[in-house]
Amino acid sequence: MTDEEIRQAVAADVAAVKSVTDAAYRHYIERIGVVPQPMERDHAASVAAGQVFVTGEPVNGLVVVEAREDHLYLDNIAVHPDAQGTGVGGRLLRFVDAHARALGLSEVRLYTNALMWENQKIYPKYGYEVLERRVDGPYDRVHYRKRLD
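Residues numbered from 1 in each chain as written. Predicted model: local features only at pLDDT ≥ 70, side-chain atom pairs only at ≥ 80, totals over all residues. Heavy atoms only, no water.

> Looking at this structure, I do not really get the packing of aromatic side chains. What am I missing?
Any pair of aromatic rings gets described here by the distance separating the centres and the angle formed by the planes. Considering all chains together, one arrives at 5 aromatic pairs under this definition. Seen from their ring centres, Tyr123 and Tyr128 are 5.7 Å apart, and the 65 degrees between their planes marks the pair as edge-to-face. Taken individually, Tyr123 and Tyr128 each receive the classification buried, so the pair is uniform in this respect. The structure contains a cluster of three or more aromatic residues connected by ring pairs, namely Tyr123, Tyr128 and Tyr144. Here the guanidinium or amino end of Arg31 rests over the ring plane of Trp117, the centre of that ring lying 3.7 Å away. (Phe/Tyr/Trp six-rings, centres within 6.5 Å; stacked < 30°, edge-to-face > 60°. Buried < 20%, exposed > 50% of the residue type's maximum accessible area, 1.4 Å probe, protein only. Lys NZ or Arg CZ within 6 Å of the ring centre and 35° of its normal.)

Spelled out as structure tokens, the structure:
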């Protein structure tokens with residue numbers, strides 16, 4: 001497998017999914033004051049449900065998606081810090097668009113913590129627009145959507 005390929009995760013990938021997610025989000029704990037939700041997910045259940053796609057050998061990036069009635073929900077995108085800035089995230093975001101289209105969905109939605117300002121600079125570059133900012137429990141979130149042509 002080349003680094004460019006994106007494939008559906010299998011049970012053998014669960015440890016790598018957890019490792020990459022933890023590495024990508026760990027530095028936010030101090031900033032936001034709580035453990036980011038992607039770090040607390042049941043990765044084995046998400047993989048078993050067919051919601052996780054990975055890239056890299058070893059795995060250095062992943063997305064977790066969930067098809068909803070009228071959109072594809074991007075629950076998590078994580079790139080290992082060692083691979084950040086190398087185009088992995090952009091390839092994963094383009095994959096999410098293609099996956100939504102393949103499912104017949106014309107919109108992708110996601111949210112990010114308001115204190116993860118790096119993400120708020122990235123998503124608009126890939127066509128996402130802010131829908132709203134909303135507090136959900138301890139999380140202050142900026143919700144985005146991208147309409148696909």
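Let's pick the thread back up.
> Which parts of the structure should I look at to understand the environment of Ala114?
By the element assignment, Ala114 lies in the loop between strand E5 (107–113) and helix H6 (117–122). Judged by its relative accessible area of 11%, Ala114 is buried. Put simply, Ala114 and Ala23 are 91 residues apart on the chain and 19 Å apart in space, counted from C-alpha to C-alpha. Ignoring any residue separated from it by four or fewer positions in sequence, one finds Ala114 in contact with Gln120, Arg133, Asp140, Arg141 and Val142. (Helix = DSSP H or I, 4+ residues; strand = E, 2+ residues; numbered from the N terminus. Contact = heavy atoms within 4.5 Å.)

> Before we go on, may I ask you to explain the pairing of strand E2 (residues 52–55) in this structure?
On any regular strand, side chains alternate: one points to one face of the sheet, the next to the other face. Covered by surrounding structure in E2 are Val52 and Val54 together with Phe53 and Thr55, the residues of both alternating faces. Relative to E2, strand E1 (residues 6–8) runs antiparallel, the two sharing 3 bridges. Its bridge partner being in E2, Arg7 is matched across the sheet by Val54. (Pairing = 2+ DSSP bridges.)

> Which parts of the structure should I look at to understand the pattern of salt bridges?
When their charged atoms lie close together, side chains carrying opposite charge are able to pair. Inspection of the entire model under this criterion finds 14 salt bridges. Measuring nitrogen to oxygen at the nearest pair gives 2.8 Å for the salt bridge that ties Glu118 to Arg31. With Glu118 in helix H6 and Arg31 in helix H2 (residues 28–32), this residue pair connects regions lying 87 residues apart in the sequence. Classification of Glu118 as partly exposed rests on a relative accessible area of 27%. (Salt bridge = Lys/Arg side-chain N within 4 Å of Asp/Glu carboxyl O.)

Don't take any of this as a statement about function, it's just geometry.
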